[in-house]
Amino acid sequence: MTAINEVPTRAHHVRSGEGRSLWVVGDTYTIKATGDSTNGAFALIEAWVPPGGGPPPHVHGREDEAFYLLDGELEVLTGQSTTAARAGDFVYLPRGIVHGFTNPGVTPARMLILTAPAGFERFFAEAGVPARPGEQAPPLDPADFARVAELSRAYGAHIGGPADGPPSGQEAT
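Let me sum up the structure you'll find in this document. Computed from a predicted structure; not experimentally measured. (Residues numbered from 1 in each chain as written. Predicted model: local features only at pLDDT ≥ 70, side-chain atom pairs only at ≥ 80, totals over all residues. Heavy atoms only, no water.)

### Digging into the pattern of salt bridges
Scanning all chains against the criterion turns up six salt bridges. One salt bridge in this structure joins Lys-32 and Glu-46, with 3.7 Å as the shortest N-O distance. Taken as a pair, Lys-32 in strand β2 (residues 27–33) and Glu-46 in strand β3 (residues 43–49) lie far apart in primary sequence, 14 residues in all. Given the relative accessible area of 14%, Lys-32 is considered buried. Across the pair Asp-64 and Arg-95 runs a salt bridge whose closest N-O atoms are separated by 3.2 Å. Within this pair, whereas Asp-64 is found in strand β5 (residues 64–71), its partner Arg-95 is found in the loop between β8 (90–93) and β9 (99–102), the two being separated by 31 residues in sequence. (Salt bridge = Lys/Arg side-chain N within 4 Å of Asp/Glu carboxyl O. Helix = DSSP H or I, 4+ residues; strand = E, 2+ residues; numbered from the N terminus. Buried < 20%, exposed > 50% of the residue type's maximum accessible area, 1.4 Å probe, protein only.)

Quick look at the structure:
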């Protein structure tokens, strides 16, 4: 493990199909880079979102987030508006803005999620269960929602928006 102000001493290489894959809220997330491998600068996660999948609206208080859509399409909520994103599109979400995404298509969507600084990848590791290769994630069990919401708060995020901030769907300032 690299100390916070230390420059990493080696490159980090994760091959195609490798990384820790987890099922979280019905989607599959594969962690490609962590704070440990980037000196805390960012985390990179590959997401596989089945038709109808995606997390509920939420807001991050500690990190900015960016999506780069590799395959498929997503409806991305940003603040009070929803936009269609297709393969090759990039979406930047500054911390404090309510956001979420849903796959409205009939085929899976695949994207890269970058969070900066790193740290939120630990939420996925703690909230998820190990994915079984070749299988789709089971849908979110409503009984697990409270656990996922509590873990979100522990990592500085709030499902539906900030706990003490503006109503869901409005940007925090």
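After that view, the rundown keeps rolling.
### Considerations on a nonpolar patch on the surface
A surface patch of nonpolar side chains, about 350 Å² in accessible area, is lined by Tyr-68, Phe-90 and Tyr-92. By the element assignment, Tyr-92 lies in strand β8. When its relative accessible area of 46% is taken as the criterion, Tyr-92 is described as partly exposed. (Patch = residues over 30% accessible without salt bridge, like charges linked within 9 Å, V, L, I, M, F, W, Y side chains within 5 Å. Areas by Shrake-Rupley, 256 points an atom, 1.4 Å probe, with all protein chains shown as cover.)

### A closer look at the pairing of strand β6 (residues 73–78)
Note: β6 against strand β7 (residues 81–86), six bridges, orientation antiparallel. Paired with Glu-75 across the bridge in β7 is Ala-84. Once β6 ends, the chain turns through two residues before running back antiparallel as β7, passing Gly-79 with a positive phi of about 65°. Taken together, the four bridges between β6 and β9 define a ladder with antiparallel strand orientation. Bridge pairing in β9 places Thr-78 opposite His-99. (Pairing = 2+ DSSP bridges.)

### Thoughts on the sheet that holds strand β11 (residues 129–130)
As summarised here, the arrangement of the seven strands in space is β8-β5-β10-β3-β2-β1-β11, forming an open sheet in which the pairing is antiparallel. Looking at the sheet topology across the chains shown, the edges are occupied by β8 and β11. Strand direction decides the pairing type here: β3 and strand β10 (residues 109–116), joined by seven bridges, are antiparallel. Bridge pairing links Trp-48 to Arg-110 in β10.

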